[in-house]
There are 2 protein chains.
Amino acid sequence: MTLIKPFRELCAEHGIAVTHQRQVLYEVMQGMDGHPSPEEIYARVKRKIPSISLATVYKNIHLFVESGVLREVSLHHGSQRLEMNAEEHHHLVCSKCKSIEDIDESSLGALPKRRKLADGFLVERYSVDVIGICAKCQ
Amino acid sequence: MTLIKPFRELCAEHGIAVTHQRQVLYEVMQGMDGHPSPEEIYARVKRKIPSISLATVYKNIHLFVESGVLREVSLHHGSQRLEMNAEEHHHLVCSKCKSIEDIDESSLGALPKRRKLADGFLVERYSVDVIGICAKCQ
DNA sequence: CAAATAAACAGTAATTATTACTGTTCAATA
DNA sequence: TATTGAACAGTAATAATTACTGTTTATTTG
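The following paragraphs examine the structure supplied in this document. A quick note: this is a predicted structure, and the numbers were derived from the prediction, not measured.

The subject of this paragraph is the packing of helix H3 (residues 38-48) of chain A against helix H4 (residues 54-67) of chain A. All names here are of chain A. The interhelical angle for the contact between H3 and H4, taken along N-to-C directions, is 120°, at an axis separation of 10 Å. Relative to H4, the element H3 lies oblique. You can see that H3 and H4 cross each other, and the crossing is right-handed. Residues Pro38, Glu39, Ile41 and Tyr42 of H3 pack against Leu54, Val57, Tyr58 and Ile61 of H4.

Next up, the structure:
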């Protein structure tokens, strides 16, 4: 039996107001697994609240992410960025301003050895995002 | 003095044809640092080849990435994805089909200790993409 | 309790990023 | 030199997201 914290409580903790749309949105999302897109979430929520607007879904997903109620798969979504640093390296990513700074592989420390991680998945390389707050944003 | 491998040679290695546009595009990109977007690259290339089309820039960036001439910052660009797995985990990302599978933190192995990584960057967490080829794509 | 106020909402327009399409040019080869 | 396919420029179309506008809702205050 999973202990599900009441939504109202979750909102209080993260300092956001409770609305009907947000509650349903949150519950529907909890019922999905994997890594759904806003459109996919919208399609599901629409079954419960047919009048809901796509814009509301976007706005509230954004609000949930901002307030820390849930996470996005990657901070790098949006437009494509090309990597001009040919050295093996990783990234410091600011969760506020989304800025990206390179850190070279060695300065990160030893990464786990590449081994069998999943059935048949052929590992090429690791890409590590160190997520946090950059100097400017603090 | 950096040894720059001639572009023709690079193309031969990666099995793509040499054209004037590609050569200039590549050289301009080498002269940029950080993590430029296609639009930013386009703006620069336009100074050398004013008649170049944005579509050509996109197509050739895509070709470079596909053929391994250069890399993109993240395989997760595009539409936003939400994380429904509340456990601490990381991702197996297929470089062909871009599919994402979760692996929990423990199965990855010990990550380096969080320590001072850069001036004033406050580390919150690590997000690791294990990049490779999934079973289906092999 | 009623009026005022602000936040949230639905619906839609606009913007941004990217891809698709079409006719033309180019480059290698027969 | 004629042929042929890939690459190109220019533009239309699509996808993802955000902005905008008028309405509804919830809360606070007189």
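From this point, the discussion proceeds with the structure in view.
With respect to the helices and strands, the residue His76 of chain A is situated in the loop between strand S1 (71-72) and strand S2 (82-83). If near-sequence neighbours (up to four positions away) are discounted, His76 of chain A is found in contact with Val93, Ile100 and Asp129 of chain A together with Val73, Ser74, His76 and His77 of chain B.

Under the fitted operation, chain B is carried onto chain A by 0.0 Å of movement along the axis and a turn of 180°, and the coordinates agree to an RMSD of 0.1 Å. Look at the turn and shift together and you get a two-fold axis relating the two. The overlap is high: 98% of the interface residues of chain B also sit at the interface in chain A, so the same surface is used on both sides.

Each value, and the rule that gives it
Residues numbered from 1 in each chain as written. Chains lettered and ligands numbered in written order. Predicted model: local features only at pLDDT ≥ 70, side-chain atom pairs only at ≥ 80, totals over all residues. Heavy atoms only, no water. Axes fitted to C-alpha atoms, helices over the stretch in contact; angles between N-to-C directions. Helix = DSSP H or I, 4+ residues; strand = E, 2+ residues; numbered from the N terminus. Parallel < 35°, antiparallel > 145°, perpendicular 65-115°, else oblique. Left-handed = near helix turned anticlockwise from the far one by under 90°. Contact = heavy atoms within 4.5 Å. Least-squares fit on C-alpha atoms with pLDDT ≥ 70 in both.

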